[in-house]
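Fold and geometry: a report
So you can see what is in the structure, the chains are spelled out below.
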Amino acid sequence: MPEHAHALLHHPVARLGLAIAAMALLFGALAPGFWTLGNWMDVAEGASVTAIMALGLLVVLVAGGMDISFAATATVAQYLAALAATRLGWAPAASIALGLATGLALGAFNALLIHRLRATSIIITISTLNLYFALLMHGTGGRSIYDLPSWWSDSVVLARFAGTDGADPVRLTLPIAVAAAAALLTALLLGRSALGRRLYAFGGNPEAAHRMGIRLGAIQGVAYGWLGMMAAIAGLVQAHRVGESVPNALVGTELFVLAAAVLGGASLFGGTGSVGGVLMGVLLLAVLRNGLNLMGVSPYFFQVLLGAVVLACAAATGLRRTQRRTQRRNQQRSADATPAAPLAGAAP
């Protein structure tokens, strides 16, 4: 039993659960209203857009890549869908399909550049982040679209729960349901499909995966295309929540999404990560931000914490890789130093 408990405490999801519980107890004691059901539903809805993007980023990280352009992709997809719905009068299905196709295309374009140019993925996606965002701002003049059709902007309530102590009813809304569906689809992709196993294999050991016949271009296309599609979904959900399409609404959320993914156990060097871990990472950061807001702490302090989290996770991942390499090197030296056993029946 102690061994099982020790292993459980070293699991990323278990550690995040303990951290969330500790923060909840702290904020519950210091921030009035933190423990209300309405506040927790607000936390869940507020984190839905971040969770959708983090789930897409997880697939790229598992495959050993990195993408910083997903927020710009989400904004471009959202804005084009809004233009189609408001200025061209497209039907809901066609407008949504345009947004999803835009995200998928921009993600695939990132994969194509990374594969063809053989360049570092973070350099390529920083470049496309600026390219996508600058083209959008130049083409639109930075103008927002405020007259979204009612099918998009009206709140969709899936369930209502009675509030506590006479408070307003608590609502389960569409963004939470979409985030849950995105989590289910990503879990099926990574955990229940041959393609998911190939993504993990490639991220963990690209050379061995290549020798097994796994094609680099196909893996990158799937990973970055999936993130592009998830980014588009996140953009559509964000416009639904606020009732408008703003060209720069999601730019600047990259650090939050990346921090949530690495907190949840996704390695910056590929091969590891889980949907449950990423969702716990998103929840931890959402609870932290909510608690600090209720306490009146400056939002800039939360940004400081995000930067510290990414730095700490990167340092810890690098340290673990160095330790594993040193261990393998020592094992190889020990094997080389061990004399070979004499053959049976050989003369002394």
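Throughout this document, residue positions are counted from 1 along each chain, in the order its sequence is written. Local features in this predicted model are restricted to residues of pLDDT 70 or higher, and side-chain atom pairs are both shown and tallied only at a pLDDT of 80 or more, whereas totals for entire chains, interfaces and linings draw on every residue. In computing side-chain properties, one takes all heavy atoms of the structure into account and sets aside hydrogens as well as water.

Description of the nonpolar core
Ile52, Met53, Leu57, Phe70, Trp152, Leu199 and Leu285 are the most contacted members of the largest nonpolar core, which has 86 residues in total. Contact criterion: two residues are considered in contact whenever any of their non-hydrogen atoms come within 4.5 Å of each other. With near-sequence residues (within four places) excluded, Met53 lies in contact with Phe70, Ala74, Leu227, Ala231, Ala234, Leu250, Thr253 and Val257. Here, nonpolar core means buried Ala, Val, Leu, Ile, Met, Phe, Trp, Tyr and Cys residues that are tied together by side-chain atoms lying within 4.5 Å of each other. Working definition: with a 1.4 Å probe on protein chains only, accessible area under 20% of the residue-type maximum means buried, over 50% means exposed, and in between means partly exposed.

Quick notes on the side chain of Thr86
By secondary structure assignment, the location of Thr86 is in helix α5 (residues 70–86). Whenever a nitrogen or oxygen atom comes within 3.5 Å of another N or O atom, the pair is scored as a polar contact, on the condition that within protein one atom can donate a hydrogen and the other can accept it, and that pairs from neighbouring residues in sequence are kept only if both atoms are in side chains. Reaching out from Thr86, the side chain makes a polar contact with the side chain of Arg87 at a distance of 3.1 Å. If sequence neighbours within four positions are ignored, Thr86 has contacts with Ile145, Asp147, Leu148 and Pro149. The secondary structure listing takes helices from DSSP runs of H or I that are at least 4 residues long and strands from runs of E that are at least 2 residues long, numbered from the N terminus.

With respect to the packing of aromatic side chains
For Phe, Tyr and Trp, rings pair up if their centres lie within 6.5 Å, where Trp contributes its six-membered ring, and each pair is then called stacked (planes under 30 degrees apart), edge-to-face (over 60) or tilted (otherwise). Applying the stated rule across the entire model yields six aromatic pairs. With centroids separated by 5.8 Å and ring planes inclined at 85°, the aromatic side chains of Phe34 and Trp35 adopt a geometry described as edge-to-face. Cluster of aromatic residues (ring-pair linked, three or more members): Phe27, Phe34, Trp35 and Trp40.

Things to note about α5
Compared with an ideal rise of 1.5 Å per residue, which puts 17 residues at 24 Å, α5 spans 24 Å between its outermost C-alpha atoms and is within 8% of the ideal. Burial analysis of α5 places 15 of its 17 residues in the buried class, the great majority of the element. Helix span, as expected, comes to 1.5 Å for every residue beyond the first.

Re the pattern of salt bridges
By definition, a salt bridge exists where a carboxyl oxygen of Asp or Glu is found within 4 Å of a side-chain nitrogen of Lys or Arg. Considering all chains together, one arrives at two salt bridges under this definition. As a salt-bridge pair, Glu45 and Arg241 come within 3.5 Å of each other at their nearest N and O atoms. One end of the pair, Glu45, is in helix α3 (residues 37–46); the other, Arg241, is in helix α12 (residues 216–242), with 196 residues separating them in the sequence. Here Asp147 ties to Arg87 by a salt bridge, and the two come within 3.3 Å at their closest N and O atoms. A residue pair is termed long-range when its members are at least 10 positions apart, and Asp147 in the loop between α7 (121–140) and α8 (150–153) and Arg87 in the loop between α5 and α6 (92–117) qualify at 60 residues. Note on Asp147: relative accessible area 44%, which makes it partly exposed.

Overview of the layout of surface pockets
Taken as a whole, the largest pocket encloses approximately 1,000 Å³ of empty space. Along the wall of the largest pocket there are 45 residues; nearest its centre are Ser267, Leu268, Phe269, Gly270 and Thr272. With six residues, helix α15 (residues 299–337) is the single largest residue contributor to the lining of the largest pocket. Under the scheme applied here, ten amino acids are nonpolar (Ala, Val, Leu, Ile, Met, Phe, Trp, Tyr, Cys and Pro), four are charged (Asp, Glu, Lys and Arg), and all others, including Gly, are polar. When grouped by side-chain class, the residues that make up the lining of the largest pocket number 22 nonpolar, 18 polar and five charged. Listed by contribution, the elements that provide at least two residues to the lining of the second largest pocket are α4 (48–62), α12, α13 (254–263) and α15. The rule is simple: put a 1 Å grid over the protein atoms alone, call a set of points where a 1.4 Å probe fits but cannot get out a cavity, call an open set with protein on both sides within 12 Å along at least five of seven lines a pocket, and count a residue as lining if it has an atom within 4 Å of a point. Grid points are joined across faces, edges and corners, and a volume is the space filled by probe spheres set on the points.

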